[in-house]
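Here's the letter readout for the chains.
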Amino acid sequence: MWHMIGQPKAVALLENEVATGQVPHAKLFVGPSGIGKLSLALNLAQALNCNAKETPCGRCSSCQRIMANTYADVQVIKIPETGTSREQREPKTKIGTRQIEDMQKLASTPPYEGKYKVFIIDGAEQFSAEAANHLLKTLEEPPPRVVIILLTAKEKEVLPTLISRCQRLELYPLPIDKTKEILVKQHNIQPQRAGLLASLSRGCIGWALSAVSDDKLLQKRTQAIETFTELTHSNRERLLAYAGQLAREFTKNRMTVDAVLSLWLGWWRDLLLIKGNRKTLITNIDQETILLRQAESYTTKQIGDYIRSIQTARRQLRQNANARLVLEVLMLNLPTARTPVKSQNGY
Ligand SMILES: [Zn+2]
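On a predicted model such as this, the values are computed, not experimentally measured, just so you know.

Q: Got a sec to walk through the overall build of the chain? Specific residues and values, please.
A: Summing up its helical and strand segments, the chain has 15 helices and five strands in all. If one aligns the C-alpha atoms of the chain with their principal axes, the spans along those axes are about 65 × 50 × 30 Å. Expressed as a percentage of its 347 residues, the buried residues of the chain come to 33%. Restricting to contacts in the chain with at least 6 residues of sequence separation, those with at least 24 account for 71%.

Q: Go over the confidence of the model for the chain with me, naming the residues and quoting the values.
A: Here the chain averages 89 in pLDDT, while 94% of its residues score no lower than 70. Between residues 83-91, whose pLDDT stays under 50, and residues either more than four places distant or in other chains, the model counts 11 contacts.

Q: How would you sum up the nonpolar core? Please name residues and give values.
A: Within the largest apolar cluster, 55 residues are counted, with the highest numbers of intra-cluster contacts made by Phe29, Ala41, Ile149, Leu150, Leu197 and Ala208. Tallying contributions element by element places helix H2 (residues 37-49) first for this core, with seven residues. For Leu197, the residues in contact, after removing those within four places along its chain, are Leu183, Ile189, Ala208, Ala211 and Val212. Among the nonpolar cores identified, the runner-up in size contains 26 residues, and Ile225, Trp267, Ala313 and Leu330 belong to it.

Q: Give me the lowdown on the environment of Asn133, citing residues and values where you can.
A: Its place among the elements puts Asn133 in helix H5 (residues 129-140). Judged by local crowding, Asn133 falls into the partly exposed class, with 14 C-beta atoms found within 10 Å.

Q: Describe the domain arrangement of the chain, naming the residues involved and giving the relevant values.
A: If you check the domain split of the chain, you get domain 1 (8-170) and domain 2 (214-332). Measuring from the centre of the C-alpha atoms in domain 1 to the corresponding centre in domain 2 gives 33 Å.

Q: Before we move on, can you summarise unusual backbone geometry with the specific residues and values?
A: Each neighbour pair has its own omega, and for Thr55 with Pro56 the value is -10 degrees, a cis peptide bond. Here Pro56 lies in the loop between H2 and helix H3 (61-67). In this structure, Arg145 takes a positive phi of about 55 degrees despite not being glycine. On the secondary structure map, Arg145 appears in the loop between H5 and strand S4 (146-152). Judged by the 16 C-beta atoms lying within 10 Å of it, Arg145 is partly exposed. Although it is not a glycine, Asn320 sits at a positive phi angle of roughly 65 degrees. Along the chain, the position of Asn320 falls in the loop between helix H14 (300-318) and helix H15 (323-332).

Q: Explain H5 to me, using residue names and the numbers behind them.
A: With 12 residues, H5 ought to run about 16 Å at 1.5 Å a step, and its terminal C-alpha atoms sit 17 Å apart, in line with that. The set of residues buried in H5 consists of Ala131, Leu135 and Thr138. Buried residues of H5 fall within an arc of 50 degrees about the axis and therefore sit on the same side. Exposed residues pointing more than 90 degrees away from the buried face of H5 are listed as Ala129, Lys137 and Glu140. Buried positions along H5 lie against helix H4 (97-107) and helix H6 (160-163).

Q: Account for the sheet that holds strand S2 (residues 74-77), with residues named and values stated.
A: Across the sheet, five strands lie side by side as S2-S3-S4-S1-S5; this open sheet has parallel pairing. Single-partner strands in this sheet number two, and they are S2 and strand S5 (167-170). With strand direction ignored, the average angle separating the axes of adjacent strands in the sheet is 20 degrees. In this sheet, S4 lies alongside strand S3 (residues 117-122) in parallel orientation, the contact comprising six bridges. Paired with Lys117 across the bridge in S4 is Val146.

Conventions we followed
- Residues numbered from 1 in each chain as written.
- Predicted model: local features only at pLDDT ≥ 70, side-chain atom pairs only at ≥ 80, totals over all residues.
- Helix = DSSP H or I, 4+ residues; strand = E, 2+ residues; numbered from the N terminus.
- Buried ≥ 20, exposed ≤ 12 C-beta atoms within 10 Å, placed from the backbone.
- Contact = placed C-beta atoms within 7 Å.
- pLDDT = per-residue confidence, 0-100.
- Core = buried A, V, L, I, M, F, W, Y, C linked by C-beta atoms within 7 Å.
- Domains from an automatic or database assignment.
- Expected span 1.5 Å × (residues − 1).
- Arc of directions from axis to C-beta.
- Pairing = 2+ DSSP bridges.
- Axes fitted to C-alpha atoms, helices over the stretch in contact; angles between N-to-C directions.

Now the structure itself:
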């Protein structure tokens, strides 16, 4: 049984391919983070290697080991954790040539225990140029019984030459009320909390469920929102100090900083929605009072400009620009609020 919530089209397509033995050797799963791309790829790997009558059964040894990442014929490849890359020539922010070469070596031999070798590459937008070239060769002349699944939340940043060699499959967010319903009915979440999680997840059930099991996710969000509110009426020194703090964090874990900027972008988008009299569409529904007050402090143009500043900063950070410089510019671009805004926490 496929364990995907709310992706009936994608599942039906893959089921049919597995049943008819017509699985393309290269696939690209596209969709926002937390939507379930990795789960679907692992599900497909199970379906390809499960021996039950109805695959994937989820119970047999193959299915269980694939989910636990201990099955010899299924590998998940992603950017190495900081400090573990063996390649000095390439930044550790990329999937490197060595990783692709290792994959090619494995792909050139028949499956050890299963029917297919499946390589799942998480972050198709993150290849070094050389690694992408190596991968292209494999995609052009795929070894038999090998399926390569690329995953991306940022399709615009994936090389067109890679996209053109893959069968593309898009995963769509669920409607917010459907997400809430699943959280309430299937996971016993109290309705008000479910409503907030559904809204913050923007219909990515995987994100909502990880927030259910990890309280820190929501705590971090609350802290970030308190900081944003404070910064809107802070002086230059404080803004630069915060930029420095983020830049130091960036050298340790760039994903944390990207997550903060993503939250911030969501916040400013909410302000823009309020300006456009569309407050029913805001994401941060539990912060409506503060958002309404802040929206009064800025013009629509200031909000639009700052949204573009955040987008530019995120792009530059992904392109390895000087993090401190990028973040300082972002902080100093913060528009001045017309009246001081006080948050519920007394800032
Ligand atoms: Zn099975």
